[in-house]
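Breakdown of the fold
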Amino acid sequence: MSKRVIAVYDLEENYGDRFAEFVNQKKQIPFEVLAFTSMEHLKEYADNRKIDLILIGCEIDMEEVKRLGAAQIIVLAEGAMSADKEPYSCVYKYQSADNIIREVMDCYCAAADREEGQLLGKKSYVAAVYSPVSRCLKTSLALTMVFMIH
């Protein structure tokens, strides 16, 4: 299965490149992250390949970005949001990359057009069993629950 694409479009060249490099090193993230610093390169890429998610700097013109046809747009905010970006999800740009990834994945999964459990392309279930006491058959109970669900 090919990875989905996140385009990072920010005028700070180092920011996008470093963020993309960091995320692409993480194997568990089902996205390929590409950094762009010019609208021309981003348009050229979008003409040839589908972009699932665009992270844009807050100084970027939204009208041009909307025309690219990305499934979702998230704004990388440096502080307060401007009025033209208000309907879009927002992530604070200057925090740890791990936190940015976590918040972006939360926004991506919470999108109304996403089905539950479809991020990796397969329907999935989460079953959790907790007990503060060890040796109380937690694994057996969890496996029994999984088999009952199917």
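Just above sits the structure.
Turning our eyes to something else, we now look at the packing of aromatic side chains. Scanning the entire structure with this criterion turns up five aromatic pairs. Where Tyr-15 meets Phe-19, the ring centres are 6.4 Å apart and the plane angle is 5°; that geometry is what we call stacked. Taken together, the positions of Tyr-15 and Phe-19, both in helix 1 (residues 13-25) and four residues apart, correspond to about one turn of that helix. Assessed through its relative accessible area of 14%, Tyr-15 is described here as buried. Ring centres of Phe-31 and Tyr-108 lie 5.1 Å apart, and the angle between their planes is 85°; this geometry places the pair in the edge-to-face category. Highlighted residues: Phe-31 in strand 2 (residues 31-36) and Tyr-108 in helix 4 (residues 97-110), separated in sequence by 77 residues. For Phe-31, a relative accessible area of 1% translates into the label buried. We classify Tyr-108 as buried; its relative accessible area is 0%. An aromatic cluster is present here, built from Tyr-15, Phe-19, Tyr-92 and Tyr-94 joined pairwise through their rings. The ring of Tyr-15 is capped by Lys-93, whose NZ or CZ atom sits 5.0 Å from the centre of that ring.

This part is about the sheet that holds strand 5 (residues 89-92). Read from one edge of the open sheet, five strands run 2-1-3-4-5, paired in parallel fashion. Strands at the two margins of the open sheet, each flanked by one partner only, are strand 2 and strand 5. Pairs of neighbouring strands in the sheet enclose a mean axial angle of 25°, with direction left out of account. Bridge count between strand 4 (residues 72-77) and strand 5: four bridges; the pairing is parallel. Pairing of Leu-76 across the sheet is with Val-91, part of strand 5. Contacts from helix 1 reach strand 1 (4-9), strand 2, strand 3 (53-57) and strand 4, with the element oriented near 165° to strand 2. Contacting strand 1, strand 2, strand 3, strand 4 and strand 5, helix 4 crosses the sheet at an angle of about 170° to strand 5.

Attention now moves to the side chain of Asp-10. With respect to the element layout, Asp-10 can be found in the loop between strand 1 and helix 1. Of note is the side chain of Asp-10, whose polar atom sits 2.8 Å from the side chain of Lys-93.

Turning our eyes to something else, we now look at helix 1. Relative to the 18 Å expected for 13 residues at 1.5 Å per residue, helix 1 spans 19 Å between its end C-alpha atoms, a close match to the ideal helical length. Of the residues making up helix 1, those classed as buried are Tyr-15, Gly-16, Phe-19, Ala-20 and Val-23. For helix 1, the angular spread of buried residues about the axis comes to 120°, placing them on one side. The outward face of helix 1, more than 90 degrees from its buried face, is lined by the exposed residues Arg-18 and Gln-25. Packed against the buried residues of helix 1 are strand 1, strand 2, strand 3, strand 4 and helix 4.

In the structure shown here, the tally under the stated rule is eight salt bridges. The salt bridge involving Lys-93 is made with Asp-10; its shortest N-O contact spans 2.8 Å. Linking Lys-93 in the loop between strand 5 and helix 4 with Asp-10 in the loop between strand 1 and helix 1, this pair joins segments that are 83 residues apart in sequence. In this structure Asp-10 comes out as buried when scored by relative accessible area, which is 0%.

Calculation criteria
- Residues numbered from 1 in each chain as written.
- Predicted model: local features only at pLDDT ≥ 70, side-chain atom pairs only at ≥ 80, totals over all residues.
- Heavy atoms only, no water.
- Phe/Tyr/Trp six-rings, centres within 6.5 Å; stacked < 30°, edge-to-face > 60°.
- Helix = DSSP H or I, 4+ residues; strand = E, 2+ residues; numbered from the N terminus.
- Buried < 20%, exposed > 50% of the residue type's maximum accessible area, 1.4 Å probe, protein only.
- Lys NZ or Arg CZ within 6 Å of the ring centre and 35° of its normal.
- Pairing = 2+ DSSP bridges.
- Axes fitted to C-alpha atoms, helices over the stretch in contact; angles between N-to-C directions.
- Contact = heavy atoms within 4.5 Å.
- Polar contact = N/O pair within 3.5 Å; in protein donor to acceptor, adjacent residues only side chain to side chain.
- Expected span 1.5 Å × (residues − 1).
- Arc of directions from axis to C-beta.
- Salt bridge = Lys/Arg side-chain N within 4 Å of Asp/Glu carboxyl O.

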